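The residues making up each chain are set out below.
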Amino acid sequence: MNLDNGLTEKQFQFTFMPERMTLSTDGNQLYVALLVQEHSSYTWEEEQSGYIATFDLTQQTQTNLFKVPADPYDLVVNQHGKLIISSGSGQWTNIYALDVEDGTVLGTAMIRQASRLTLHPSGDYVFAADTDSSPSDFEKFDISGTGILSLGDSPYHGDYSISGNVWATPDGQYIISRGGNIFLASDMTYVNKLNNISEPIQDIVFDVNNGLAFITTDNGSLEYFNLASLQHIGQLSADGTQHMLLSADKIVVMTQSQDSTLNLDSLAHPCLDCNSNVPPIADFSYTYAADGTTFDTFEFDASASSDAEDNTSLQYRWDFNNDNAWDTDFTTTSVYKQQFLIAGTKQVTLQVKDAAGLVNSKTLSIDIAQGIDSGSEVDNSNAYQLQFSVTDVITDTTRNKAYITDKSAKRLYVVNLDNGLTEKQFQFTFMPERMTLSADGNQLYVALLVQEHSSYTWEEEQSGYIATFDLTQQTQTNLFKVPADPYDLVVNQHGKLIVSSGSGQWTNIYALDVEDGTVLGTAMIRQASRLTLHPSGDYVFAADTDSSPSDFEKFDISGTGILSLGDSPYHGDYSISGNVWATPDGQYIISRGGNIFLASDMTYVNKLNNISEPIQDIVFDESNMQFYVLAEENITLFKSDTFEVINTISSPSSSRLLLTAEQVFTINTSSPSIQQVTLSL
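As a starting point, this report considers the structure included with it. From a predicted model like this one, the values you see are computed outputs, not experimental measurements.

Examining the nonpolar core
Logical step 1: By size, the foremost hydrophobic cluster in this structure holds 18 residues, and its most contacted members are Y403, L412, L444, V446, L448 and F469.
Logical step 2: Elements represented by at least two residues in this core include exactly β33 (411-416), β35 (431-437), β36 (443-449) and β37 (464-470).
Logical step 3: When near neighbours in sequence (up to four residues on either side) are disregarded, F469 contacts L412, F426, F428, N442, Q443, L444, V446, T475, Q476 and T477.

Below is the structure:
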């Protein structure tokens, strides 16, 4: 077909079925794969054959035909006279290295049937993407020697979409997958994803002379990118594009109309001088309203950026946490406002893109101080009435206050238990859930969730935050990130914070520095395990909540990190039911199932009387040597030394217990409200 006038000039008739083709590196030879029969998963290697037809493009003639021992599916040829063919049949089958002159077999390697091929520009490597596996992956082969040698597949297996095809960039640096992902050709590690590509890629044509890459997708769009930066420049109007061809000054696209007729359309080349374009210059400044703390809003201004060709078409994006992931998309707005949650030195990077897709970046270091949050006063509170949802509650016996998290509203409330009034609230960016107090009762630690717990959020995807409160000043004084999806937490008197993960099935329990979240150690644990701290501060007990039967485990935190000492010697003999409490004297562990175990070796001791349903909450009254148990809408008072029942009262709709120096309260979920409890001795 003549692309200058669109006329079909000549045809060649074959005995067999032509399918895919490839050009020699000098562009003078065309190689066409000819199928003897349709591809089949059940045509085994010994049954396979096919042909390769060779064409001299200078003379526009077929000059050769040779047989190959494969059912040819895809093919590439390098500058050293080696033809590589993947087989389209036989499930796990062969990829062949052949002499391009006569098809002599130079070597073979194993490959998945129907794999698409791309040749590295050096001619020394071939990349193959499987088309019939889920998830699709791609593999690298060394063809620099006599034959062909597999160098292994990518280090990812479904993390980044391959979707059954790959293309090597002309500079040899990158591999682009049909899923729109970019990998290094050297080791197949992930680099980035092409922006503006939401559908699988159908074809890529590289315009080296003008520094562009043209990409068609399954939905028929035709996008073009800067070949140096792989940044999106624009879109050509060519709906329904099936294939595209590149000539000197235009793009020829094959489109399909509604009646299935194939048409050729010629599009003007969008940027014939893109190779002469020079990158823009990125520049920015920043200002902030107050003291440069975690509670201030910073304004970043990139209007000082410039471009030699066109200052009016610049686009800007920002990375505020130096994690090699852009926090904003490209936009034409040069000013951006940002607040930093975590104190410390931040590396802020601006990237500027010009009209031809070239980019330039600038990074500045900014020191962010920790801000102090005093919260907001609550003016319309009613005594002992809670005008919010209760997620978790913890009692401050020193100050007679209750701290209550409301996950849905992303708030922490402070309730004065002397008068029942909600005094203040703290607003979070993330979802607060469980809390713990320091051993001296002066610090409160609140776990903040980035997303809901999930069995399918794996360790490398997890993160969360811990907010620290000074209860003497009633202020939030710190916030730090943790590498876990925080589910439960305890802190000992030696500055060690223990956090269990709420996601990932078999996941991690973390020992962290309570000041900044530095990881001191990890151990394996079941997701969503509830924690209790031994009074010595040297041990933590964890009860799993999603296993049947539920069990509990002991961890040693007396050293640098955290060490599992194993789980209980029982596996279903005594009910654990997903939670445990350590008694204040450190001798016993009480399970949610009402069973008592020795803390030393987790052996069974006895069962609490009057407890036939799972325990909802336990609070210990150390001064009076007694403890309260909430279960089955009853509150039972026990002696701490003998576990003898002192009294039981009904407490319907109660979900939690609160204990101050002089009073016992319950959280009533039906109201919701706080109610005082009286148990006569």
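The rest of the description comes next.
Remarks on the pairing of strand β1 (residues 17-23)
Logical step 1: Looking at chain direction, β1 and strand β2 (residues 29-35) are connected through five bridges and run antiparallel. If you follow M21 over to β2, its bridge partner there is V32.

A short note on the packing of aromatic side chains
Logical step 1: Enumeration over the complete set of coordinates arrives at 41 aromatic pairs.
Logical step 2: Here the aromatic rings of Y156 and F183 are separated by 6.2 Å at their centres, their planes lie at 40°, and the arrangement is tilted. You can see Y156 sitting in the loop between β12 (149-153) and β13 (166-168) and its partner F183 sitting in strand β15 (residues 181-184), a full 27 residues away along the chain.
Logical step 3: Residue classification places Y156 among the buried positions, given a relative accessible area of 17%.
Logical step 4: For F183, a relative accessible area of 1% corresponds to the buried category.
Logical step 5: Here a set of aromatic residues connected by ring pairs shows up, and it is made of F284, Y286, Y288, F298, F300, W318, F320, Y336 and F340.
Logical step 6: The ring of Y487 has R434 sitting right over it, with the charged end atom 4.3 Å from the ring centre.

So, the sheet that holds strand β57 (residues 673-677)
Logical step 1: Strand order in the open sheet made by the three strands is β55-β56-β57, with antiparallel pairing throughout. In the strand order of this sheet, the two ends are held by β55 (654-659) and β57, each with one partner. Neighbour-to-neighbour, the strand axes of the sheet open up by a mean angle of 30°, direction not taken into account.
Logical step 2: Alignment of strand β56 (residues 664-668) against β57, held across five bridges, turns out to be antiparallel.

Observations regarding the pattern of salt bridges
Logical step 1: Enumeration according to the criterion identifies 16 salt bridges in this entry.
Logical step 2: In this structure, the salt-bridge partner of K401 is E423, at a minimum N-O distance of 2.7 Å. Linking K401 in strand β32 (residues 401-406) with E423 in strand β34 (residues 422-427), this pair joins segments that are 22 residues apart in sequence.
Logical step 3: Classification of K401 by relative accessible area gives buried; the value is 11%.
Logical step 4: Taking relative accessible area as the criterion, E423 reaches 26% and is therefore assigned partly exposed.
Logical step 5: Between E452 and K407 there is a salt bridge whose closest N-O contact spans 2.8 Å. In this pair, E452 sits in the loop between β36 and β37 while K407 sits in the loop between β32 and β33, placing the two residues 45 residues apart along the sequence.
Logical step 6: On the basis of relative accessibility, which here comes to 16%, the residue K407 falls in the buried class.

Notes on unusual backbone geometry
Logical step 1: Between S134 and P135 the backbone carries a cis peptide bond, its omega angle lying at 0°.
Logical step 2: For the peptide bond that leads from S548 to P549, omega is 0°, which places it in the cis range.
Logical step 3: Structurally, P549 is set in the loop between β44 (539-543) and β45 (552-556).
Logical step 4: A positive phi angle, near 65°, is found at S577, a position not held by glycine.
Logical step 5: Looking at the secondary structure, you find S577 in the loop between β46 (563-567) and β47 (580-582).
Logical step 6: At M625, a residue that is not glycine, the phi angle is positive and equals roughly 55°.
Logical step 7: Tracing the backbone through its elements, the reader meets M625 in the loop between β51 (615-621) and β52 (626-631).

Thresholds applied
Residues numbered from 1 in each chain as written. Predicted model: local features only at pLDDT ≥ 70, side-chain atom pairs only at ≥ 80, totals over all residues. Heavy atoms only, no water. Core = buried A, V, L, I, M, F, W, Y, C linked by side-chain atoms within 4.5 Å. Buried < 20%, exposed > 50% of the residue type's maximum accessible area, 1.4 Å probe, protein only. Helix = DSSP H or I, 4+ residues; strand = E, 2+ residues; numbered from the N terminus. Contact = heavy atoms within 4.5 Å. Pairing = 2+ DSSP bridges. Phe/Tyr/Trp six-rings, centres within 6.5 Å; stacked < 30°, edge-to-face > 60°. Lys NZ or Arg CZ within 6 Å of the ring centre and 35° of its normal. Axes fitted to C-alpha atoms, helices over the stretch in contact; angles between N-to-C directions. Salt bridge = Lys/Arg side-chain N within 4 Å of Asp/Glu carboxyl O.

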